[in-house]
Amino acid sequence: MPSHGRLAIVGIGPGSPAQLTGRAREVLEQAAYVIGNDTYLAQLGPLLEGKKVITSSMGKEVERARRSIELAREAPVVMVSGGDAGIYGMAGIVLEILERDGVDLPWEVVPGITASQAAASILGSPLSGDFATLSLSDLLTPLEVIERRLHAAFSMGVPVVLYNPRSRGRPHNFALAMEIAGEYRSPATPVGIVRNAYRDGEEAVITTLGEISGVEGKVDMHTTVIVGGEETRIWRNGEDVRGIITPRGYHRKYLY
Ligand code: SAH
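What this report covers is the structure whose coordinates are included nearby. Each chain has its residues counted from 1, running along the sequence as written. For a predicted model such as this one, the threshold for reporting local features is a pLDDT of at least 70, and the threshold for listing and counting side-chain atom pairs is 80 or more; totals across whole chains, interfaces and linings nevertheless cover every residue. Note that water and hydrogens are dropped before the side-chain values are worked out from all heavy atoms of the structure.

## Remarks on the sheet that holds strand β4 (residues 76-81)
Alright, step 1. Two strands qualify as a pair provided DSSP detects at least 2 bridges between them. Secondary structure is summarised from DSSP: a helix means a run of H or I of at least four residues, a strand means a run of E of at least two, and numbering begins at the N terminus for each. Overall, parallel pairing links the 5 strands, which are arranged β3-β2-β4-β1-β5 in an open sheet. The sheet terminates laterally at β3 (52-56) and β5 (107-110), the two strands that pair on one side only. Between one strand axis and the next, the sheet turns through 15° on average, direction left out of account.
Alright, step 2. Any two residues whose heavy atoms approach within 4.5 Å at even a single point are treated as in contact. Axis angles are defined between N-to-C directions and span 0 to 180 degrees, where every axis is a line fitted to C-alpha atoms and, for a helix, only to the segment in contact. The strands touched by helix α3 (residues 61-71) within the sheet are β1 (6-11), β2 (33-37), β3 and β4, with β2 carrying the most contacts at an inclination of about 175°.

## Points about the pairing of strand β12 (residues 233-237)
Alright, step 1. Inspection of the sheet shows β12 paired to strand β13 (residues 240-245) by 5 bridges, in the antiparallel sense. Looking across to β13, one finds that Trp 235 is bridged to Gly 243.
Alright, step 2. Hairpin connection of β12 to β13: 2 residues between the antiparallel strands, including Gly 238 at a positive phi of 65°.

## Some thoughts on the nonpolar core
Alright, step 1. Here the nonpolar core consists of buried residues drawn from Ala, Val, Leu, Ile, Met, Phe, Trp, Tyr and Cys, with membership extended through side-chain atoms lying within 4.5 Å. Only protein chains enter the accessibility calculation, which uses a 1.4 Å probe. A residue is then buried if its area is under 20% of the maximum for its type, exposed if over 50%, and partly exposed in between. Leu 150, Leu 162, Phe 174, Met 178, Ile 193 and Val 225 are the most contacted members of the largest nonpolar core, which has 25 residues in total.
Alright, step 2. Among the secondary structure elements, those contributing two or more residues to this core are β7 (132-135), α6 (143-155), β8 (160-163), α7 (172-184), β9 (190-195) and β11 (223-227).
Alright, step 3. If one sorts the elements of this core by residue count, α7 sits on top with 6 residues.

## A look at the environment of Tyr 254
Alright, step 1. Secondary-structure assignment places Tyr 254 in the segment after β13.
Alright, step 2. C-alpha of Tyr 254 to C-alpha of Glu 29: the two residues are 225 residues apart in sequence and 48 Å apart in space.

## A closer look at unusual backbone geometry
Alright, step 1. One non-glycine residue, Asn 164, lies in positive phi territory at about 45°.
Alright, step 2. As for its placement among the helices and strands, Asn 164 is situated in the loop between β8 and α7.

## Some points on the site of the ligand
Alright, step 1. If even one non-hydrogen atom of a residue comes within 4 Å of a molecule or strand, that residue is called near it. What surrounds the ligand is a group of 19 residues, the closest being Ile 87, Thr 114, Met 221, Thr 223 and Thr 224.
Alright, step 2. Any pair of N or O atoms that falls within 3.5 Å is considered a polar contact. Within protein, one atom must be able to donate a hydrogen and the other to accept it, and sequence-neighbouring residues count only if both atoms are side-chain atoms. In this structure, Ile 87 approaches the ligand through a main-chain N or O atom, which is 2.6 Å from a nitrogen atom.
Alright, step 3. We get accessible surface area from the Shrake-Rupley algorithm with a probe of 1.4 Å; when it comes to residues, only the shown protein chains can shield them. Burial of the ligand by the protein chains amounts to 93% of its free accessible area of 550 Å².
Alright, step 4. Side-chain classes are defined by residue name, with Ala, Val, Leu, Ile, Met, Phe, Trp, Tyr, Cys and Pro counting as nonpolar, Asp, Glu, Lys and Arg as charged, and the others, Gly among them, as polar. Class assignment for the residues of the shell around the ligand results in 9 nonpolar, 8 polar and 2 charged.
Alright, step 5. Each domain span listed reflects an automatic or database assignment of domains. When residues are assigned to domains, the shell around the ligand turns out to be shared by domain 1 (6-113) and domain 2 (116-252), each giving three or more.

## Re the packing of aromatic side chains
Alright, step 1. Two rings from Phe, Tyr or Trp (for Trp, the six-membered ring) form a pair when their centres sit within 6.5 Å of each other. Planes less than 30 degrees apart are called stacked, planes more than 60 degrees apart edge-to-face, and all others tilted. Here the structure, examined in full by the defined rule, presents 2 aromatic pairs.
Alright, step 2. With centroids separated by 6.3 Å and ring planes inclined at 35°, the aromatic side chains of Tyr 250 and Tyr 254 adopt a geometry described as tilted.
Alright, step 3. Two conditions define a charge located above a ring, namely a distance within 6 Å from the ring centre to NZ of Lys or CZ of Arg, and an angle within 35 degrees of the ring normal. The cationic tip of Lys 52 hangs over the ring face of Tyr 33; the distance from NZ or CZ to the ring centre is 5.0 Å.
Alright, step 4. When the ring centre of Trp 235 is taken as reference, the NZ or CZ atom of Arg 242 above it lies at 5.3 Å.

Spatial relationships are all this shows, so hold off on functional conclusions.
Structure (structure tokens):
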């Protein structure tokens, strides 16, 4: 009998099932096993009905990847990853293990809406053109490397998105990032902070680099931070803050 074994590493978006792609939904429907960490599985609710669900905790990614490969030898397996599966997600480690072990298995990476897109959409249009993305987590990347990349990213003058911005154990990484940002940007530079985008408890704050210390407490591991680029501005209507805009450059070419 032919094996039905296959493995899909599926990005499920930032939270709400409304942000799940059609392909993600389809692949989930066809799965016998769904494996992932509890937070992400909880987002799927009724989509898990009738599936064998395997939960695994944060920090056990390598073990989870191995388990998904074992199960996928015989049955259709979905490995769930938050946001996009290939951006600080599970796709990398799963494919690394398939490559190293020489496992010949049909696999698919299903893209999802990543946190930078989710956060940007809530703030307005802060990432209209080029931008850079960095993670401030030093669990897998040494702090010296993160520091070097922060200088490189902010020196480009484009908006910078920070993932994993501030953990309880390492709050200083965020302070360091803001200090480096200040070497390249004026205190008036817009900063958008989005916590729990498209999830319960969603909250967005628009502030400036000069005033960031007042809202630093809002920044944690459920938050994505966007520091504006050289042309980024806060859209105001009188006292009212409407959003963050980075002009794409149409004003240099057209009258509107
Ligand atoms: N693969 C995920 C990122 C995982 S790293 C993706 O593509 O989005 C985890 C970090 O992503 C968090 O620390 C936070 O910075 C960001 N993040 C993930 N989901 C988020 C959400 N719903 N709202 C705000 N930030 C989020």
